[in-house]
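The chain contents come next:
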Amino acid sequence: MAQFESATESHPKEMSVRWDPAEACRPIIDDAPVFYPTAEEFEDTLAYISKIRHQAESYGICRIVPPASWIPPCRLKEKDMWEHSKFSTRIQQIDLLQNREPMRKKRGRKRKRKRHSRRGTGKACANSEFEPNSTSDCDEKFGFQTGPDFTLADFEKHAADFKECYFGFKDAESDQRTNVLTESNKRWEPSIEDIEGEYWRIVEEPTDEVEIYYGADLEAGAFGSGFPKAASTANGGSSDHYVKSGWNLNNFPRLPGSVLSFEESDISGVLVPWLYVGMCFSSFCWHVEDHHLYSLNYLHFGDAKVWYGVPGSSASMLEKTMKRHLPDLFEEQPDLLNELVTQLSPSILKDEGVPVYRVVQQAGEFVLTFPRAYHAGFNCGFNCAEAVNVAPVDWLGHGQNAVELYSKQHRKTSISHDKLLFRSAKAAVQALWERSVLKETTANLKWNAVCGKEGVLTRAIKTRVEMLEERVKSLPNCVKLQKMGTDFDLNDERECFTCFYDLHLSAISCKCSPERYACLRHADFSCSCEGDDKFVLLRYTIYELKRLVEALETGANLGIDRHVSEIKSSEPKESSQCSMKVVLESQQDSLNVRASPMKCEDSDNYNKVLSRNDDDKCNCCIDLNIGMKPDEGENKTLEVTGGVRSLEDTCVSVCWEERKAIAHSIERSLDMQLVRDSKSSKECAISKSDLTMSAMNNWNTSSHGDCKLFGVDLLFPDQHPTVLSSNLLTTKRVDSSGVKRSNYLIKEFTTCVEPIHFGSIMAGKCWCSKRAIFPKGYKSRVDFFSVLNPGKICGYISEVVDAGLLGPIFKVTMEECPSVTFADTSAQKCWELVVQHLNQEILRQSSLGVQGQLPPFHMQSVNGLEMFGFLSPNIIQGIEALDPDHLCGEYWNNKCNETASFGDIGWHQ
């Protein structure tokens, strides 16, 4: 580096001025739109980009001029960074960007033309350290070779000297040229149009060799960002606004509403900005962003940057045009456009009918490029820019196209598209539930805007599901299907060994090489083994994915009022066997699976979906909680036979004998001795005969669409029988005066829960616990102190609703004021919210001097399971009767262990 510095300090021996304005090749093309957001519009970055998208996307590129008041401080200009921080450069051969021979024809030749890039003929030019790499390297592939390291101060001087020498305006009088004039006491400089014309002359009609340096792709995390960061503004002040701004490129990729916010890794250049330190003619060649992402570029300081853009809809036209005009280069290197080393004049593109537009970016301005929009350009002099990517939800469709294209090109991906897609879907489902059950917020309304039948997120998910379903159907019938473990790609991204397709959603492998995976498109490439030895891993079944699609389509309903994929039932038919015939709608083939009670020792098998083994049960409802780790030893086999490829909604044929068997099972459940702590003398009573008759009547009166064999849906009538409606707790005003706080609740309040609706069984880890089963649609009523007037007792309705991917949601609503609602994913926490709200009201009224108020409750004084009724013996019996096949394995296994322990105690006694 010292040699270079000594060389640059010396004046070049001689450099003849070769610029001739008459030879200019400036393209005449239309400008892309320019936008001037107001200060208010500028506050919400992604909202503004969404606002201008419909107008700007057809150009592929646009310029955004911030409000005059937005002037972020640039850390790069601080003395320590400016004079001491060094960055690497690359050498660009501008005259070879378009007109060059294929490398195979150039072997053995050396360039002997005059150079105009480095100053003079000193040691730096002769020193091999700063020359292009050896011929053996560059003969293989054309590219940009490594240049010397610079500080910003040194590079500014180098860039200024080159520009002065090239255009010959050093010491020149202003009247010698007829172009741009500056102040009368300053020297003349070439205009942007002058530089643009000369740049394209060099590219299209080179006569001399022109080499320059470019500090490109400098990671902001290592060299430093031009935008302020929190750590650099510890003293606060005016910089705080810029630290948190969405236009600060350190924040931009992960803004709320960008699916890149779900990416955990800091991917350089995608989520971590890159810096670009340019000089006159330094170039960025035609390319699209990785994964066809949006990009945002900010010019911190310096001379202008000239851009050219082609809309994403015309990307294929540009590619065909470049291949047609540069056939030898593309024949030698088919992926040439991925290397960012080739230009083609916008004039040629325009003549070929490719829409191309121009942008001139000045310091302090942004340039936005849209998905799959090719862009290229050059710098007019010394400057510094910073760029990064972003992915609003509308990008998802473009991103899917990108990964499919990469697979065909056998090109590696830099992000897992499927991870981002399904994490976005999970966030959307949660937001829709919050909007439906709790309240509307700005955040969940934004997610609501991309859902619904025509929402961009719904369409992206639906397209991906259809693609996966088609690929699963195309597999040989003998290939086994298995549930993919959640830790499959937890630590490392998994990709197809042949095309590098991301395997987050599905993969195929073989017993001969269990750690070698392929995508479903390349199932035949994995090995030559027979199909019986191969197995497919699916993260979600088609049934689960279709359920997700319906959850997104139904928006606020989210399957709360009905299961999003109800299992259809046919009319009862006489049968000689009490078996379940599962017919998958997309196939004529069927699978006979015998329903048998689960044994306690088979706890690991309760998540099995479909199996060849007739002795195993069939479980149609899979736990949809994304991100939950499987239990140790969980069986994830998901095998199908007879050509069945669609694991989707099932039509269940129930024989008449099974109805009788179910009724008998209910009676048997009611006769079981419960080993539980019970308060039966203080709770509502229900007779075995009444419950059995109620269940049987329900089979006869309910619509066949509600009759489900997997977790029999014994829906009690909405107007429950008189025997269930007795309320043993009289509503009364409670006087707490003179009562000690301890034991107050226990002495004065007795819980009595009325079952209203027993619901239906759902299989999956979240739908039961060791202590209770949580049926979907379960509803009960209980009296408790009013959160609006603690001196009174009122009714509360407790419900278990299906929130799709989130599993069960426990909801408590005041009967007399339905707008007062509490909800959580835990029954205990749900009732704790009630108690918390009650305590707040007690303290508020006490502070106002209201007499006769209750003392604040302890959270432990209310048992959520008890308040829902899940610990009431009569309700336990009714719920257990819904699960004769013991689909809720965790609950039944624990109960079996409790019974065994109780038996051991009795035997020893």
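Residues numbered from 1 in each chain as written. Predicted model: local features only at pLDDT ≥ 70, side-chain atom pairs only at ≥ 80, totals over all residues. Heavy atoms only, no water.

- Under an unreviewed UniProt entry, the name given to the chain is Lysine-specific demethylase JMJ15-like isoform X2, and the source organism is Rhodamnia argentea.
- Per UniProt, the chain carries the Subcellular location (unreviewed entry) text "Nucleus". (UniProt positions renumbered as here; feature names shortened; annotations may be inferred.)

Notes on the overall build of the chain
Reasoning step 1: Check the secondary structure of the chain and you find 25 helices and 28 strands.
Reasoning step 2: Burial status across the chain gives 55% buried among its 909 residues.
Reasoning step 3: In the chain, of all internal contacts separated by at least 6 residues, the share reaching a separation of at least 24 is 76%.
Reasoning step 4: Accessible surface, the chain: about 39800 Å² in total, of which carbon and sulfur atoms supply 48%. (Helix = DSSP H or I, 4+ residues; strand = E, 2+ residues; numbered from the N terminus. Buried < 20%, exposed > 50% of the residue type's maximum accessible area, 1.4 Å probe, protein only. Contact = heavy atoms within 4.5 Å. Areas by Shrake-Rupley, 256 points an atom, 1.4 Å probe, with all protein chains shown as cover.)

A few points about the sheet that holds strand S19 (residues 534-538)
Reasoning step 1: Within the open sheet, the 4 strands sit side by side as S16-S19-S17-S18. Their pairing is mixed. Among the strands making up the open sheet, the edge pair consists of strand S16 (480-483) and strand S18 (513-518). Averaged over all pairs of adjacent strands, the angle between strand axes in this sheet comes to 35 degrees, irrespective of strand direction.
Reasoning step 2: The pairing of S16 with S19 spans 4 bridges and is classified as parallel. Across the sheet, Lys-480 pairs through a bridge with Phe-535, a residue of S19. (Pairing = 2+ DSSP bridges. Axes fitted to C-alpha atoms, helices over the stretch in contact; angles between N-to-C directions.)

Some remarks on the pairing of strand S27 (residues 808-814)
Reasoning step 1: For S27, the tally of buried residues reaches 7 of 7 residues, placing the bulk of the element in the interior.
Reasoning step 2: Residues Pro-808, Phe-810, Val-812 and Met-814 point to one face of S27 and Ile-809, Lys-811 and Thr-813 to the other, with burial holding for every one of them.
Reasoning step 3: The sheet contact formed by strand S26 (residues 793-802) and S27 spans 7 bridges and is antiparallel. Looking across to S27, one finds that Ser-798 is bridged to Val-812.
Reasoning step 4: The sheet contact formed by S27 and strand S28 (residues 821-824) spans 4 bridges and is antiparallel. Bridge pairing links Phe-810 to Asp-824 in S28.
Reasoning step 5: The antiparallel hairpin formed by S27 and S28 contains 6 residues in its connecting segment.

A look at the sheet that holds strand S24 (residues 753-757)
Reasoning step 1: Taken in spatial order, the 5 strands of this open sheet run S24-S25-S26-S27-S28, and their pairing is antiparallel. Here the strands that pair on one side only, and so sit at the sheet edges, are S24 and S28. Ignoring strand direction, the axes of neighbouring strands in this sheet form an average angle of 25 degrees.
Reasoning step 2: Lying on the sheet, helix H15 (residues 417-438) is in contact with S27 and S28; it crosses S28 at an angle near 155 degrees.

A word on the packing of aromatic side chains
Reasoning step 1: In the structure shown here, the tally under the stated rule is 45 aromatic pairs.
Reasoning step 2: Aromatic side chains Trp-70 and Phe-227 sit 6.5 Å apart centroid to centroid with 50 degrees between the ring planes, which places their arrangement in the tilted category. With Trp-70 in the loop between strand S2 (61-64) and helix H3 (79-84) and Phe-227 in the loop between helix H9 (220-223) and helix H10 (239-244), the pair connects residues that are 157 residues apart, well separated along the chain. Here Trp-70 matches Phe-227 in class, with each residue buried.
Reasoning step 3: With a centroid separation of 5.0 Å and 80 degrees between ring planes, the pair formed by Phe-150 and Phe-155 is classed as edge-to-face.
Reasoning step 4: A network of ring pairs unites the aromatic residues Trp-19, Phe-162, Tyr-166, Phe-167, Tyr-199, Trp-200, Phe-281, Tyr-308 and Phe-378 as a single cluster.
Reasoning step 5: For Arg-494, the ring lying beneath its charged end belongs to Phe-488, and the centroid distance is 4.6 Å.
Reasoning step 6: Lying across the ring of Phe-497, Arg-516 places its NZ or CZ 3.7 Å from the centre. (Phe/Tyr/Trp six-rings, centres within 6.5 Å; stacked < 30°, edge-to-face > 60°. Lys NZ or Arg CZ within 6 Å of the ring centre and 35° of its normal.)

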